[in-house]
Amino acid sequence: MIATRFTETFGVDHPVVCGGMTGVGTAELISAVAEAGALGFLTALTQPTPEALAREIARCREMTDKPFGINLTILPTLEPVPYAEYRAAIIESGIKVVETAGSNPAEHVAAFKAAGVKVIHKAVAVRHAVKAQKLGVDAVSIDGFECAGHPGEEDIPGLVLIPAAVRQLDIPVIASGGFATGSGLAAALSLGACAINMGTRFVASTEAPVHPNVKAQIVAHDERATQLVFREFGNTGRVARNAISEEIVIRSRRPGAVFEDVAELASGIRGRTRVLQEGRMDDGLWWAGQAQGLIESVATCDEIVSGIVTDAEKIIDQLAGLRG
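Residues numbered from 1 in each chain as written. Predicted model: local features only at pLDDT ≥ 70, side-chain atom pairs only at ≥ 80, totals over all residues. Heavy atoms only, no water.

Thoughts on the side chain of Arg87
Under the convention used in this document: Secondary structure elements are taken from DSSP: a helix is a run of H or I of four residues or more, a strand is a run of E of two residues or more, and numbering for both begins at the N terminus. In protein, a polar contact requires one atom able to donate a hydrogen and another able to accept it; more generally it is a pair of N or O atoms within 3.5 Å, and residues adjacent in sequence count only if both atoms are side-chain atoms. Any pair of residues with heavy atoms lying within 4.5 Å of one another is described as a contacting pair.
Among the secondary structure elements, Arg87 is positioned in helix H4 (residues 83–92). A polar side-chain atom of Arg87 sits 3.3 Å from a polar atom in the side chain of Glu107. Ignoring anything within four residues of it in the chain, the contact list for Arg87 reads Glu107, His108, Ala111 and Phe112.

What follows is the structure in structure tokens.
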């Protein structure tokens, strides 16, 4: 057992997090993560309405009596999102921890803290993490350049970003981006983090609600099989390399290109339907990090978490044995 400020603050057995993943963070996966002793986050905006989110929370509670949280990502959208109503559903459902991400979470942090909800904010730069701490969040998840999703525009890998954040923060730091193994957990702890956050590793789990083709491709891929998209539009994202991501890059590099030139290919609904649900691996955009190069098999959440923690404990003991 590895006890850290993170496990003590959030009341879980292991310093492992499954952060919010749109289309993936549903009750099937998050209840399994909780049962494994880690902290998982249902993704609020995977649910079409605040009422549906409340039902998903109730469904998850039928599957586990262990702690889990909700991810609330604040991003620009074509259709306005009723964030205040989603926030109210989270609070009224009695959720005790929320992961915020995306834009400035100030309004939401204030409301959650007033309701006694702990907040973890995901940041991709030290200055953003420092600002989140000033807002009163309880922990920061710092996302290195290796991550799936949006790593920001500064291209700072975790080996530098994690200790740089730890040096400037007083609250627990969760290391995110590139983690999938026990050696990664041991490394994160040595850099000063209190836990690791994993996304791609949990997508390749037995319980993840995605097509088997997705899980098989993560296992088959190496660390080179991701692609950066949307860089020309100031919204860089790391995704799995496929025919769609490559076409997006080609169109984006044309002189005068605008996001509308790739919007149809980049559609989140298209990716979730054609790839995650139907397994048509070259027919939509889907998120994957460089950690897929470290993933060798599909496993249950319990096997993933227990294996990582056991391996990390062995490595920590081996390192201690190097002292003369």
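That shown, we press on.
Some thoughts on the pattern of salt bridges
Basically, it comes down to this: When a carboxyl oxygen of Asp or Glu lies within 4 Å of a side-chain nitrogen of Lys or Arg, that pair is called a salt bridge. Any residue under 20% of the maximum accessible area for its type is buried, any over 50% is exposed, and the rest in between are partly exposed; the area is computed with a 1.4 Å probe on protein chains only.
On inspection of all chains with the given rule, the structure shows 13 salt bridges. The closest approach of N and O atoms between Arg127 and Glu154, which form a salt bridge, is 2.6 Å. Residue Arg127 is located in helix H6 (residues 126–135), and its partner Glu154 is located in the loop between strand S6 (139–143) and helix H7 (158–168); the two are separated by 27 residues in the primary sequence. Judged by its relative accessible area of 41%, Glu154 is partly exposed. Here Arg270 and Asp283 are joined by a salt bridge, their closest N and O atoms 2.9 Å apart. Separated by 13 residues along the polypeptide, Arg270 in helix H13 (residues 268–277) and Asp283 in the loop between H13 and helix H14 (301–320) bring together distant segments of the chain. In this structure Asp283 comes out as buried when scored by relative accessible area, which is 16%. Among the charged side chains, a salt-bridge network with shared partners connects Arg270, Arg274, Glu278, Arg280 and Asp283.

What about the pairing of strand S7 (residues 173–176)?
Defined as follows: Here, a strand pair is defined by DSSP locating no fewer than two bridges between the strands. By convention a crossover is right-handed if, when the strands point away from the viewer, the path from the first strand over the helix to the second runs clockwise.
Here S7 shows a buried face lined by Val173 and Ala175 and a second buried face lined by Ile174 and Ser176. Here four bridges tie S6 to S7, and the two strands are oriented parallel to one another. Among the inter-strand pairings, Ser141 is bridged to a residue of S7, identified as Ile174. After leaving S6, the chain enters H7 and then returns to the sheet as S7, a path that is right-handed. Assessed by its sense of winding, the connection that carries the chain from S7 through helix H8 (residues 182–190) to strand S8 (residues 195–197) is right-handed.

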